[in-house]
Amino acid sequence: DFCLSRGLGDVYKRQVYVSAELADGMPPDATYFDYAWIGWDEPYAAATDRVIAKLAPGAEVGVRIDSMAVLTRSIADGIGVSVLPCIVGDGHPRLRRLGSYFEGGTFLWVLTHEQLRHTARVRVLMDYIARLAERDADLFLGRAGPGPVR
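A brief report on the enclosed structure follows. Only a predicted model underlies this, so the values are computations on that prediction, with no experimental measurement involved. (Residues numbered from 1 in each chain as written. Predicted model: local features only at pLDDT ≥ 70, side-chain atom pairs only at ≥ 80, totals over all residues. Heavy atoms only, no water.)

Scanning the protein chain for helices and strands turns up six helices and five strands. For the protein chain, the α and β elements follow one another from N to C terminus as β-α-β-α-β-α-β-α-β-α-α. Considering only intrachain contacts with a sequence separation of at least 6, the fraction spanning at least 24 residues in the protein chain is 75%. Carbon and sulfur atoms make up 55% of the accessible area of the protein chain, which amounts to about 8900 Å² in all. (Helix = DSSP H or I, 4+ residues; strand = E, 2+ residues; numbered from the N terminus. Contact = heavy atoms within 4.5 Å. Areas by Shrake-Rupley, 256 points an atom, 1.4 Å probe, with all protein chains shown as cover.)

Quick look at the structure:
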């Protein structure tokens, strides 16, 4: 079986997020190392661990989570900081960006089975996804969100 793809480009970037309450309670000179870190569980742990090693060498991950919704809620509840896609973090009323770190974009592909590529409903869906990615590019790429907390 073969799949056909349509590349939509670099459609989202990631940033470190913190709850406004946690950020307000930290000293003005706090660094990434001073925060508790929340990491992804397997199979995505390496992605978060790379960011932590770069921004806060030697910092430990206090808890690992395997759900975007739970990770976002944990950050909002002040358990710690972590990396989220900008479209998730910037859209949350209780989250703020922490620092100026930006992680590169992720290339998005829309895939379909070769035999379905000319099916009208599949074509309409693929075109719709492409239009959304283009329309909301500023949200996905972090250009529409708030500035850093510190």
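And the narrative resumes.
Okay, the packing of aromatic side chains next. Applying the stated rule across the entire model yields two aromatic pairs. For the pair Tyr32 and Trp37, a centre-to-centre distance of 6.3 Å together with 45° between the ring planes defines the contact as tilted. Their ring planes at 75° and their centres at 6.0 Å tell us that Trp40 and Tyr44 sit as a pair that is edge-to-face. Judged by relative accessible area, Trp40 falls into the buried class, the value being 15%. The exposed category is assigned to Tyr44, whose relative accessible area is 52%. (Phe/Tyr/Trp six-rings, centres within 6.5 Å; stacked < 30°, edge-to-face > 60°. Buried < 20%, exposed > 50% of the residue type's maximum accessible area, 1.4 Å probe, protein only.)

Right, let's get into the nonpolar core. A general tendency of soluble globular proteins is for nonpolar side chains to be buried together. In terms of nonpolar packing, the biggest core is built from 17 residues, with Val16, Tyr32, Tyr35, Trp37, Leu55, Val81 and Leu98 touching the most fellow members. At the level of secondary structure, the elements contributing two or more residues to this core comprise strand S1 (3-19), helix H2 (45-55) and strand S5 (95-113). Take this core: its biggest share by element is three residues, from H2. Tyr17, Trp40, Leu71 and Leu84 belong to the second-largest nonpolar core, a separate cluster that totals ten residues. (Core = buried A, V, L, I, M, F, W, Y, C linked by side-chain atoms within 4.5 Å.)

Let us look at H2. The complete set of buried residues in H2 reads Ala45, Thr48, Val51, Ile52 and Leu55. Down the axis, H2 shows its buried residues gathered within 135° of arc, on one side only. In this structure, H2 carries Arg50 and Lys54 as exposed residues pointing more than 90 degrees from its buried face. (Arc of directions from axis to C-beta.)

Within the secondary structure layout, Ser19 lies in strand S1. Excluding anything up to four places from it in sequence, Ser19 contacts Ile75, Ala76, Gly78, Arg94 and Leu95.

Moving on: the environment of Val16. Position of Val16 among the secondary structure elements: in strand S1. The class for Val16 is buried, based on a relative accessible area of 0%. As a C-alpha pair, Val16 and Ile52 span 36 residues in sequence and 9.9 Å in three-dimensional space.

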